[in-house]
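The chain contents come next:
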Amino acid sequence: MITLRENRDAFARLRLMPRILVDVEKVYTETTILGEKVSSPICFAPTAMQRMAHDDGEKATARAAARHGALMTLSSWSTTALEEVMDAAPQGLKWFQLYVYKDRAVTLDLIKRAERAGYKALAITVDTPILGRREADVRNGFALPSHLTMGNFEKVGGAHSKGTKSSGKQGSGLATYVASLIDQRLTWKDVDWVRKQTTMKIVVKGVLTVEDAQAALRNGVDGIWVSNHGARQLDTTPATIEVLPEICRAVAGRCEVYLDGGITRGTDVLKCLALGARAVFVGRPVLWGLAHSGEEGAYRALELLRNELELAMRLSCCPKLTDLKPSLVRTAFSMSSRL
């Protein structure tokens, strides 16, 4: 769990360099993501099986995001069908996070249903050919509770809808599910195949290197999502905030760049935006709020982050998102090296 700690600790190693004497009576957090207006650059990351946290699950999260005017990304592994989530908050902006299955007919069905339902983009997860060794899942013998199912696969049936019901030989129901159903042969050719199936925008989620960011550009993606999958895939990978600046420099504005991983405070959001991210995605804080009090808890989690972002913008003398520049952020090492 080294990367899990680093996702948080890396933010603590970055120092903010605020300016002074700028009018900050009003701050403006509105922006666009792939051309769609949002009230702030703080978005809901895709998190699986939300009805384990609260019975309203993904519907509650969708309603909370819509009330904020925020972008929500729905997981392929939602415990609620994607159509029902859209119906719960039809006015809310939504993306669909896509796993590419060995059975391309199953994958194509997800793509077409998401497009018909009104999702605006596909966030293709590219860092999970197999599941990382999640020791807590193995220790707990993780399996989806008997009263829940993978909501997007009820009509498919079989392992696609019920494959997480047993911890299986690998000690984790999710690990067994991924090993048996998710395509381990995924390449850029498959990303191109997905693009040809839809008019939705294409975002690749799971980029950590400049080389892969450049490959994404060559393959015509609309967005690059810097992510280490919540630090649950390959351990000892860097924190996402550590690799963000070099990826943004390599992309040089040719497509939008987003980040998730370790964001729990408004100052974390500020640092990401200053270092080049168009938007950030939060996962665990939303789930904590959802588990606490359903829709209201998820709403409050985002409200706390937005309030903290606005406070940090005022105290940094940056009333607009366009005021956030790399010069606002310095590493702790650069400070100590001057002593």
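Anything mentioned here points back to the structure above.
Parameters at a glance
- Residues numbered from 1 in each chain as written.
- Predicted model: local features only at pLDDT ≥ 70, side-chain atom pairs only at ≥ 80, totals over all residues.
- Heavy atoms only, no water.
- Helix = DSSP H or I, 4+ residues; strand = E, 2+ residues; numbered from the N terminus.
- Buried < 20%, exposed > 50% of the residue type's maximum accessible area, 1.4 Å probe, protein only.
- Lys, Arg positive; Asp, Glu negative; His and termini not counted.
- Salt bridge = Lys/Arg side-chain N within 4 Å of Asp/Glu carboxyl O.
- Polar contact = N/O pair within 3.5 Å; in protein donor to acceptor, adjacent residues only side chain to side chain.
- Contact = heavy atoms within 4.5 Å.
- 1 Å grid on protein atoms, 1.4 Å probe; cavity = no way out; pocket = protein on both sides within 12 Å on 5 of 7 lines; lining within 4 Å.
- Points joined across faces, edges and corners; volume = space filled by probe spheres on them.
- Nonpolar A, V, L, I, M, F, W, Y, C, P; charged D, E, K, R; others polar.
- Pairing = 2+ DSSP bridges.
- Right-handed = clockwise from strand over helix to strand, strands pointing away.
- Axes fitted to C-alpha atoms, helices over the stretch in contact; angles between N-to-C directions.
- Core = buried A, V, L, I, M, F, W, Y, C linked by side-chain atoms within 4.5 Å.
- Parallel < 35°, antiparallel > 145°, perpendicular 65-115°, else oblique.
- Left-handed = near helix turned anticlockwise from the far one by under 90°.

### Considering the side chain of Asp260
Point 1. Of note, Asp260 is situated in strand S10 (residues 256-260).
Point 2. It is Lys205 that comes nearest to the buried, bridge-free Asp260 among opposite-charge side chains, at 4.1 Å.
Point 3. Side chain to side chain, Asp260 and Trp225 meet in a polar contact 3.0 Å long.
Point 4. Beyond its immediate sequence surroundings of up to four residues, Asp260 is in contact with Lys205, Trp225, Val226, Ser227, Asn228, Thr240 and Phe281.

### Some points on the layout of surface pockets
Point 1. Empty space within the largest pocket amounts to approximately 1,300 Å³.
Point 2. Of all the secondary structure elements, the ones that give two or more residues to the lining of the largest pocket are helix H1 (2-12), helix H5 (135-140), strand S11 (279-282) and helix H12 (284-315).
Point 3. In terms of residue count, H12 provides more of the lining of the largest pocket than any other element does, four residues in total.
Point 4. Considering only residue class, the lining of the largest pocket consists of 20 nonpolar, 13 polar and ten charged.
Point 5. Along the wall of the second largest pocket there are 24 residues; nearest its centre are Leu273, Gly276, Ala277, Arg278 and Leu324.
Point 6. Contributing elements (two or more residues each) for the lining of the second largest pocket: helix H10 (240-251), S10 and helix H11 (266-274).
Point 7. Among the elements that take part in the lining of the second largest pocket, H10 stands out by supplying four residues, more than any other.
Point 8. Class assignment of the residues belonging to the lining of the second largest pocket gives a composition of 14 nonpolar, four polar and six charged.

### A look at the side chain of His160
Point 1. You can see His160 is positioned in helix H6 (residues 158-162).
Point 2. Excluding anything up to four places from it in sequence, His160 contacts Tyr101, Val106, Met150, Phe153, Tyr177 and Leu181.

### So, the pairing of strand S7 (residues 121-125)
Regular strands place their side chains on alternate faces of the sheet.
Point 1. Counting buried residues in S7 gives five out of five residues, a clear majority hidden from the surface.
Point 2. Alternating positions in S7 separate into two faces, Ala121, Ala123 and Thr125 on one and Leu122 and Ile124 on the other, with burial throughout.
Point 3. In this sheet, S7 lies alongside strand S6 (residues 94-98) in parallel orientation, the contact comprising three bridges. Opposite Gln97, over in S7, you have Ala123 as the bridge partner.
Point 4. Traced from S6 through helix H4 (residues 104-117) to S7, the parallel crossover comes out right-handed.
Point 5. Where S7 and strand S8 (residues 201-207) come together, five bridges link them in parallel fashion. Counterpart to Ala121 in the pairing with S8 is Lys201.

### What to know about the packing of H1 against H10
Point 1. As a packed pair, H1 and H10 sit with axes 8 Å apart at the nearest point and diverge in direction by 65°. Contact with H1, carried on its side by Glu6, Asn7, Ala10 and Phe11, involves Thr240, Ile241 and Glu242 of H10 and no other residues of that element.
Point 2. In the contact of H1 with H10, the residues fall into three nonpolar, two polar and two charged.

### Topic: the environment of His229
Point 1. Along the chain, His229 turns up in the loop between strand S9 (223-226) and H10.
Point 2. Here His229 falls in the buried class, since its relative accessible area comes to 6%.
Point 3. In this structure, the C-alpha to C-alpha distance between His229 and Val280, residues 51 residues apart in sequence, is 13 Å.
Point 4. The residues touching His229, leaving out its near neighbours within four places in the chain, are Tyr99, Thr125, Asp127, Thr128, Arg134 and Lys205.
Point 5. Polar side-chain contacts of His229 include one of 3.0 Å to the side chain of Asp127.

### A few points about the pattern of salt bridges
Point 1. For the structure on display, the rule yields 20 salt bridges.
Point 2. Note that Arg265 and Glu308 form a salt bridge whose closest N and O atoms lie 3.1 Å from each other. Of this pair, Arg265 sits in the loop between S10 and H11 while Glu308 sits in helix H12; the two residues are 43 residues apart in sequence, bridging distant segments of the chain.
Point 3. When its relative accessible area of 23% is taken as the criterion, Glu308 is described as partly exposed.
Point 4. Taken together, the shared-partner salt bridges in this structure form one network comprising Asp56, Arg63, Arg67, Glu295 and Glu296.

### Regarding the nonpolar core
Point 1. Membership of the largest hydrophobic core comes to 88 residues, with the highest contact counts inside it found for Trp77, Tyr101 and Leu244.
Point 2. In terms of residue count, the dominant contributor to this core is H12 (seven residues).
Point 3. Not counting residues up to four positions away in its chain, the partners in contact with Trp77 are Ala48, Met49, Tyr99, Tyr101, Met150, Phe153, Leu174, Tyr177, Val178 and Ile182.
Point 4. The next biggest cluster of nonpolar side chains, apart from the first, holds 15 residues, and it includes Cys43, Leu93, Ala123 and Phe281.

### A short note on the packing of helix H2 (residues 57-68) against H12
Point 1. Between H2 and H12, whose axes approach to 10 Å, the crossing angle comes to 20°. In terms of axis orientation, H2 runs roughly parallel to H12. Crossing geometry of H2 relative to H12 is assigned as right-handed. Contact residues: H2 offers Gly57, Ala60, Thr61, Arg63, Ala64, Arg67 and His68, while H12 offers Val286, Leu290, Gly294, Glu295, Glu296, Ala298, Tyr299, Leu302, Glu303 and Arg306.

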